[in-house]
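Topology and contacts: notes
The residues making up each chain are set out below.
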Amino acid sequence: MPSAFSTPSSDRGRLADGQPVSLLAELVDPAEAESAAAGGAEGVGLLRSWFAVRRDGAPLPVADQQAGYRRVLRTFPGARVAVEALDPGERQGAFGIRGVRALQARPDVLSAQLDALSGAARETGAEQVDVGIVTATVTEPDEVTWFLEEARFGGIATAGVLVDLPAAAVLAGTILRAASFATIDTDGLTRYAVAADRTAGTGRWDDPWQPATLRLAELVGASGSLAGKDISARGAGAADPLLACVLIGLGVTSLVLPVDRLAPVRAELARHTFSDCLRYAELATRAASAQDARRRVTAAVDH
């Protein structure tokens, strides 16, 4: 499959039949880059933007942001590194003007971040194809087109979408005509699909095994396959070793994981073939509940 990134071929995650599945790190802070590399991460699927925001909510100066990006790029030379776009939005509970909507209202925030990221790429000699930026709360293809144009104007050729809303999953086919790649946020999709507020202790409703979440992920995976675009997944769904296999069956090509989840997910993937993953995906998406989906797949593995 064509890739927006040049992913290293050595030490990749693999299924039992040899099919590669890239295992990428999710970093909260650039200081985690070295431990991620030591843990076998093949790149950085998502560098969260929190480190680049001061306590008062204002972005760090460009030089400080650039230092953080430089550290990550130097740790992963020639590997995929995707950075989360800053979110200057206002939140009202689970909603509000956030993600790409907020950036369209405050393009100066994105412009400064792009200056920092492109500056770090030049300093480290990173190829444009290796460095990307990703935004959330996308609902329309025009938002992606705007984001991609801004990124390219700012010196970053690769711009993706964090699929955290059902609308983005349903419109994945048209969104991926513009986006360089997509990352399925299993946490966000679950919350918005079944109205599960993570701050309210909603229990079983925020389970990433929810069939509704998996069917939305299936739309994204199928659209990515048709468009020849990379589809990754992050969140609790990707970090669950068995559910990671289901996601591969749904069309996900790489997984974005906390450092401590790289080894267990890598080991589980090595136990299953791609045909197995396709079978697990079919079982899970036909289930009546999260509990039923988990039970069906577990039974198929144990059989």
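Note that the structure is a prediction, hence the values are computed from the model and not measured. (Residues numbered from 1 in each chain as written. Predicted model: local features only at pLDDT ≥ 70, side-chain atom pairs only at ≥ 80, totals over all residues. Heavy atoms only, no water.)

Right, let's get into the overall build of the protein chain. On a plain count of helices and strands, the protein chain comes out with 14 helices and eleven strands. Its C-alpha atoms give the protein chain a radius of gyration of 18 Å, near enough to 19 Å, the size a compact globule of 303 residues would have. With respect to the three principal axes, the spread of C-alpha positions in the protein chain is 55 × 45 × 35 Å. In the protein chain, buried positions account for 52% of the 303 residues. If you take every contact in the protein chain between residues at least 6 apart in sequence, the share linking residues at least 24 apart comes to 66%. On the protein chain, roughly 12,700 Å² of surface is accessible, and the fraction owed to carbon and sulfur atoms is 52%. The distance from the centre of the 30 positive side-chain charges to the centre of the 37 negative ones in the protein chain is 3 Å. (Helix = DSSP H or I, 4+ residues; strand = E, 2+ residues; numbered from the N terminus. Rg over C-alpha atoms; globule rule 2.2 N^0.38 Å. Buried < 20%, exposed > 50% of the residue type's maximum accessible area, 1.4 Å probe, protein only. Contact = heavy atoms within 4.5 Å. Areas by Shrake-Rupley, 256 points an atom, 1.4 Å probe, with all protein chains shown as cover. Lys, Arg positive; Asp, Glu negative; His and termini not counted. Charge placed at Lys NZ, Arg CZ, Asp CG, Glu CD.)

Right, let's talk about helix α12 (residues 262–269) for a bit. Regarding α12, the residues found buried are L262, V265, E268 and L269. Buried residues of α12 fall within an arc of 140° about the axis and therefore sit on the same side. Those residues of α12 hidden inside the fold are in contact with β1 (13–14), β2 (20–27), α1 (33–38), α10 (236–239), α11 (241–249) and β11 (254–257). (Arc of directions from axis to C-beta.)

It is worth spelling out the packing of helix α2 (residues 62–75) against helix α4 (residues 107–124) at this point. α4 packs onto α2 with a crossing angle of 40° between their chain directions and a minimal axis gap of 8 Å. Between α2 and α4, the crossing angle belongs to the class labelled oblique. Crossing hand, α2 versus α4: right-handed. Facing α2, whose interface residues are V62, Q65, Q66, Y69, R70, L73 and R74, α4 presents A112, Q113, D115, A116, L117, G119, A120, A121, E123 and T124. A class-by-class count of the residues in the contact of α2 with α4 yields eight nonpolar, five polar and four charged. (Axes fitted to C-alpha atoms, helices over the stretch in contact; angles between N-to-C directions. Parallel < 35°, antiparallel > 145°, perpendicular 65-115°, else oblique. Left-handed = near helix turned anticlockwise from the far one by under 90°. Nonpolar A, V, L, I, M, F, W, Y, C, P; charged D, E, K, R; others polar.)

Moving on: empty space enclosed by the protein. Scanning the model with the defined rule gives one cavity of 30 Å³ or more in all. For the largest cavity, the calculated volume is near 40 Å³. Lining the largest cavity are V161, V163, A168, A172, I175, L176, A179, F181, A182 and V220. Every element with two or more residues in the lining of the largest cavity is listed here: β8 (158–163), α7 (172–178) and β9 (181–185). (1 Å grid on protein atoms, 1.4 Å probe; cavity = no way out; pocket = protein on both sides within 12 Å on 5 of 7 lines; lining within 4 Å. Points joined across faces, edges and corners; volume = space filled by probe spheres on them.)

Turning our eyes to something else, we now look at the environment of L219. By the element assignment, L219 lies in helix α9 (residues 211–227). Given a relative accessible area of 40%, L219 falls into the partly exposed group. Once residues within four sequence positions are removed from consideration, L219 is found in contact with A169, V170 and A172.

With respect to burial, β9 is a largely interior element, five of its five residues being buried. By the alternation rule, side chains of β9 split into F181, T183 and D185 and A182 and I184, which are all buried. With three bridges connecting them, β8 and β9 associate as parallel partners. The partner of L162 across the bridge, within β9, is T183. (Pairing = 2+ DSSP bridges.)

Moving on, we get to the pattern of salt bridges. Inspection of the entire model under this criterion finds 16 salt bridges. A salt bridge links D56 to R54; the nearest nitrogen and oxygen atoms lie 3.1 Å apart. Here R54 falls in the partly exposed class, since its relative accessible area comes to 42%. Put simply, R234 and D185 hold a salt bridge, and the shortest N to O gap is 2.7 Å. With R234 in strand β10 (residues 230–234) and D185 in strand β9, the pair connects residues that are 49 residues apart, well separated along the chain. Accessibility assignment for this pair places R234 and D185 in one class, buried. Three or more residues joined by partner-sharing salt bridges are found here, namely E26, R48, E84, D185, D187 and R234. (Salt bridge = Lys/Arg side-chain N within 4 Å of Asp/Glu carboxyl O.)

Our next topic: the pairing of β2. For β2, the buried fraction is high: seven of the eight residues fall into the buried class. As paired elements, β1 and β2 share two bridges and run antiparallel to each other. From the neighbouring strand, R14 faces β2, where its bridge partner is P20. Linking two consecutive strands that pair antiparallel, namely β1 and β2, is a turn of five residues; a positive phi of about 95° is found at G18 within it. In the sheet, β2 pairs with β11 via four bridges, with the strands oriented parallel. Directly across from L24, in β11, lies its bridge partner V256. Sheet analysis places β2 next to strand β3 (residues 44–47), joined by three bridges and oriented parallel.

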